[in-house]
Amino acid sequence: MKLLSKRISPILKSVLLYSFLVGGSYAAVVSSDRFLIKILDRTISVLDIQYQSRNLKALSCIYDKAFVVQFFNHGFLQQLETFLQKMPTDDAEVRKYLHANEPILKEIRYLFKMLRYSEDQKSDFTPQLSKLVRENVQENKCEMAVLYKDRLKTNFINLLELELYLRARYGGQLKSQASFKSIQPSMELFVESLDKQFNHEYYW
């Protein structure tokens with residue numbers, strides 16, 4: 001994956017980074033949706049997970065140094081795609097499949113709890129940032145399915161709001177020459193705490 005600086009102008013890069021610091025269609029198709037997890041009072045379905053898998057790939061395409069992408073890493077994106085593609089349709093087989101894939105389910109649970117938490121924080125996702133992201137999706141030929149008419153799809157905005165929240169919370173801890181690994185332990189503690197705070201239930 002090429003760095004953002006190799007695909008957009010320095011001016012656009014500066015605007016995107018400043019906005020973060022201060023402030024195609026998905027291949028897998030299922031014949032019917034299925035609820036997999038309940039987090040607080042909200043149910044998460046296979047389709048919801050498909051959308052965020054697509055969104056993570058789009059974010060990785062336009063800016064592969066995004067905190068949320070680095071936290072879950074590119075290996076998770078590949079595992080998530082495989083998990084969705086191999087999802088059975090028979091109820092009995094689904095139960096076996098979910099039990100056999102509890103590690104990826106835990107990561108999915110973490111992602112959606114983080115999304116829920118950042119949604120409650122009401123990040124300031126400006127029209128200017130939306131326009132910039134939209135332009136980069138088109139220029140870099142990323143997942144075009146995250147676009148809707150002249151704006152971004154709501155579930156993609158939810159992921160971008162999570163990125164804004166993580167930048168606001170941890171960006172100040174990241175020194176100019178430090179790698180993401182320097183803040184990852186703090187982020188892991190936050191996610192573990194959030195996992196305990198937000199109750200969940202699997203639909204086995």
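Before reading further, recall that the structure is shown in the block above.
Now for a description of the structure that goes with this document.

As a further point, take the nonpolar core. Proteins that are soluble and globular tend to have nonpolar side chains buried together. Counting residues in hydrophobic clusters, the biggest one holds 60 residues, and the most contacted among them are Leu 59, Val 68, Phe 83, Ile 108 and Leu 166. For this core, the secondary-structure elements that each account for two or more residues are β1 (35-39), α2 (46-62), α3 (67-85), α4 (91-100), α5 (102-121), α6 (127-139), α7 (154-170) and α8 (184-197). If one sorts the elements of this core by residue count, α3 sits on top with 10 residues. In this view, Leu 59 contacts Asp 64, Ala 66, Val 68, Val 69, Phe 156, Leu 159 and Leu 160; residues no more than four positions away in its chain are not counted.

This part takes up unusual backbone geometry. Although it is not a glycine, Lys 141 adopts a positive phi angle of roughly 55°. In this fold, Lys 141 is placed in the loop between α6 and β3 (147-148). According to the relative accessible area criterion, Lys 141 is exposed, its value standing at 71%. The phi angle at Lys 149 is positive, at roughly 55°, despite the residue not being glycine.

Next up on the list: α2. Three or four residues apart is the spacing at which side chains of an α-helix point the same way, because the helix has 3.6 residues per turn. Taking 1.5 Å per residue as the helical rise, α2 with its 17 residues ought to reach 24 Å, and the 25 Å between its terminal C-alpha atoms agrees with that figure. Across the 17 residues of α2, 13 count as buried, placing the element largely inside the fold.

Two aromatic rings are characterised by how far apart their centres lie and by the angle between their planes. With the rule as written, the count across this model stands at 10 aromatic pairs. Judged by centre distance (5.0 Å) and plane angle (90°), the ring pair of Phe 71 and Phe 72 falls under edge-to-face. In this structure an aromatic cluster arises from ring pairing among Tyr 117, Tyr 165, Tyr 170, Phe 190 and Phe 198. One cation-aromatic arrangement involves Arg 167 over Phe 67; the distance from NZ or CZ to the ring centre is 3.9 Å.

A sheet is described by the order of its strands in space; here 3 strands give the open sequence β2-β1-β5, paired in antiparallel fashion. A strand with exactly one partner marks an edge of an open sheet, and here the two such strands are β2 (42-45) and β5 (200-202). Put simply, the sheet's adjacent strands are angled 25° from each other on average, direction ignored. In this structure, β1 lies alongside β2, joined through 4 bridges in antiparallel fashion. In the sheet register, Ile 39 faces β2, and the bridge partner there is Arg 42. Together, β1 and β2 form the strand contacts of α2, whose direction differs from that of β2 by roughly 70°. This element, α5, spans β1, β2 and β5 of the sheet and lies at about 45° to β1.

Let us look at the state of the cysteines. Counting across every chain of the model gives 1 disulfide. Here Cys 61 connects covalently by a disulfide to Cys 142, the sulfurs 2.1 Å from one another. Taking the torsion about the sulfur-sulfur bond, which here is approximately -75°, the covalent link between Cys 61 and Cys 142 counts as left-handed. Note that Cys 61 is positioned in helix α2 and Cys 142 in the loop between α6 and β3, a separation of 81 residues in sequence. With relative accessibility at 7%, the residue Cys 142 sits in the buried group.

Attention now moves to the environment of Glu 201. Within the fold, Glu 201 resides in strand β5. On a C-alpha basis, the gap between Glu 201 and Ile 37 in space is 5.7 Å, while along the polypeptide they are 164 residues apart. With near-sequence residues (within four places) excluded, Glu 201 lies in contact with Leu 36, Ile 37 and Lys 38.

Calculation rules
- Residues numbered from 1 in each chain as written.
- Predicted model: local features only at pLDDT ≥ 70, side-chain atom pairs only at ≥ 80, totals over all residues.
- Heavy atoms only, no water.
- Core = buried A, V, L, I, M, F, W, Y, C linked by side-chain atoms within 4.5 Å.
- Buried < 20%, exposed > 50% of the residue type's maximum accessible area, 1.4 Å probe, protein only.
- Helix = DSSP H or I, 4+ residues; strand = E, 2+ residues; numbered from the N terminus.
- Contact = heavy atoms within 4.5 Å.
- Expected span 1.5 Å × (residues − 1).
- Phe/Tyr/Trp six-rings, centres within 6.5 Å; stacked < 30°, edge-to-face > 60°.
- Lys NZ or Arg CZ within 6 Å of the ring centre and 35° of its normal.
- Pairing = 2+ DSSP bridges.
- Axes fitted to C-alpha atoms, helices over the stretch in contact; angles between N-to-C directions.
- Disulfide = S-S within 2.5 Å.

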